[in-house]
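# Breakdown of the fold
Listed below are the residues making up each chain.
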Amino acid sequence: MFGIPIIIGNNHEKFPEAQAMINAKGLFSIEKQQEFNTILDKLIEDSDFREQSGQNNSSFIKKNKGAVIQILDYLRI
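Residues numbered from 1 in each chain as written. Predicted model: local features only at pLDDT ≥ 70, side-chain atom pairs only at ≥ 80, totals over all residues. Heavy atoms only, no water.

## Description of the packing of aromatic side chains
Condition: Stacked, tilted and edge-to-face are the three classes applied to pairs of Phe, Tyr and Trp rings, where Trp contributes its six-membered ring and a pair requires centres within 6.5 Å; stacked means planes under 30 degrees apart, edge-to-face means over 60, and tilted covers the rest. Segments assigned H or I by DSSP are reported as helices when at least four residues long, segments assigned E as strands when at least two residues long, and all are numbered from the N terminus. Only protein chains enter the calculation, and the probe is 1.4 Å; a residue is then buried if its accessible area is under 20% of its type maximum, exposed if over 50%, and partly exposed in between. Only when the NZ atom of a Lys or the CZ atom of an Arg is both within 6 Å of the ring centre and within 35 degrees of the ring normal do we say a charge sits over the ring.
Per the counting criterion, the structure on display carries one aromatic pair. Arranged with centres 5.6 Å apart and planes meeting at 40°, the rings of Phe28 and Phe49 form a pair that is tilted. One end of the pair, Phe28, is in strand E2 (residues 27-29); the other, Phe49, is in helix H3 (residues 47-63), and 21 residues separate them in sequence. Residue class for Phe28 comes out buried when judged on its relative accessible area of 14%. One cation-aromatic arrangement involves Lys42 over Phe49; the distance from NZ or CZ to the ring centre is 4.5 Å.

## Quick word on a negative patch on the surface
So the rule is basically this: Patches were defined on residues exceeding 30% relative accessible area and lacking a salt bridge, with like-charge contacts within 9 Å and nonpolar side-chain contacts (Val, Leu, Ile, Met, Phe, Trp, Tyr) within 5 Å. Methods summary: accessible areas were calculated by the Shrake-Rupley approach with a probe of 1.4 Å, and residue burial reflects only the protein chains presented. Salt bridges are defined by distance alone: a side-chain nitrogen of Lys or Arg within 4 Å of a carboxyl oxygen of Asp or Glu. Charged-residue counts in this description rest on Lys and Arg as positive and Asp and Glu as negative, His and the chain ends being excluded. Taken as the charge location is NZ of Lys, CZ of Arg, CG of Asp or CD of Glu.
Taken together, Asp41, Glu45, Asp46, Asp48 and Glu51 make up a surface patch of like negative charges. Among the secondary structure elements, Glu51 is positioned in helix H3.

## Some points on the environment of Asn57
As a reminder, the rule being used: Contacts between residues were defined by any pair of non-hydrogen atoms, one from each residue, lying within 4.5 Å.
Inspection of the secondary structure assignment puts Asn57 in helix H3. Taking C-alpha positions, Asn57 is 9.3 Å from Ile22, a pair spaced 35 residues apart along the chain. Each residue touching Asn57, except ones within four places of it in the same chain, is listed here: Ile4, Pro5, Ile6, Met21, Gly26 and Leu27.

## Quick notes on H3
Applicable threshold: Multiplying one less than the number of residues by 1.5 Å gives the expected span of a helix. Identification of polar contacts relies on pairs of N or O atoms within 3.5 Å, with a donor-acceptor requirement for protein atoms, meaning one able to donate a hydrogen and the other able to accept it, and with residues adjacent in sequence counted only if both atoms are side-chain atoms.
In this model H3 runs 24 Å from its N-terminal to its C-terminal C-alpha over 17 residues, within 8% of the 24 Å that 1.5 Å per residue would give. On the buried face of H3, the contacting elements are strand E1 (6-8), helix H1 (16-23), E2 and helix H2 (33-45). Sitting at the head of H3, Asp46 places a side-chain oxygen 3.2 Å from the backbone nitrogen of Asp48.

## Let's talk about the packing of H2 against H3
Spelled out, the test is: Note on definitions: angles span 0 to 180 degrees between N-to-C directions of axes, and those axes are lines fitted to C-alpha atoms, for helices only across the stretch in contact. Any angle that falls under 35 degrees is termed roughly parallel, while one over 145 is termed roughly antiparallel, one within 65 to 115 roughly perpendicular, and all others oblique. Ten residue types, Ala, Val, Leu, Ile, Met, Phe, Trp, Tyr, Cys and Pro, are classed as nonpolar, four, Asp, Glu, Lys and Arg, as charged, and the remainder, Gly among them, as polar.
One way to put it is that H2 packs onto H3 with a least axis distance of 5 Å and a crossing angle of 100°. Relative to H3, the element H2 lies roughly perpendicular. In contact with Ile39, Lys42, Leu43, Ile44 and Glu45 of H2, H3 contributes Ser47, Phe49, Arg50 and Ser53. Classifying every residue of the contact of H2 with H3 gives four nonpolar, two polar and three charged.

## What to know about unusual backbone geometry
If you check the backbone angles, Lys25 has positive phi at about 65° while not being a glycine. Topologically, Lys25 is positioned in the loop between H1 and E2.

The following block contains the structure:
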């Protein structure tokens, strides 16, 4: 929503949105400290990569905005 990249751990299998954001290249899932260090260094040092990753997240959120309302409306039928 705020247009920033996100780093999470690898325990996200119950959250399909996380996988979708990984596929959109705005969210990064890490397992080990070295992976965290690598992605964090890249986000800090490469402003184009950082900005594009954040924009990918912002676009994902805008595209899926209102999904909760649509689901609730469907459940009320």
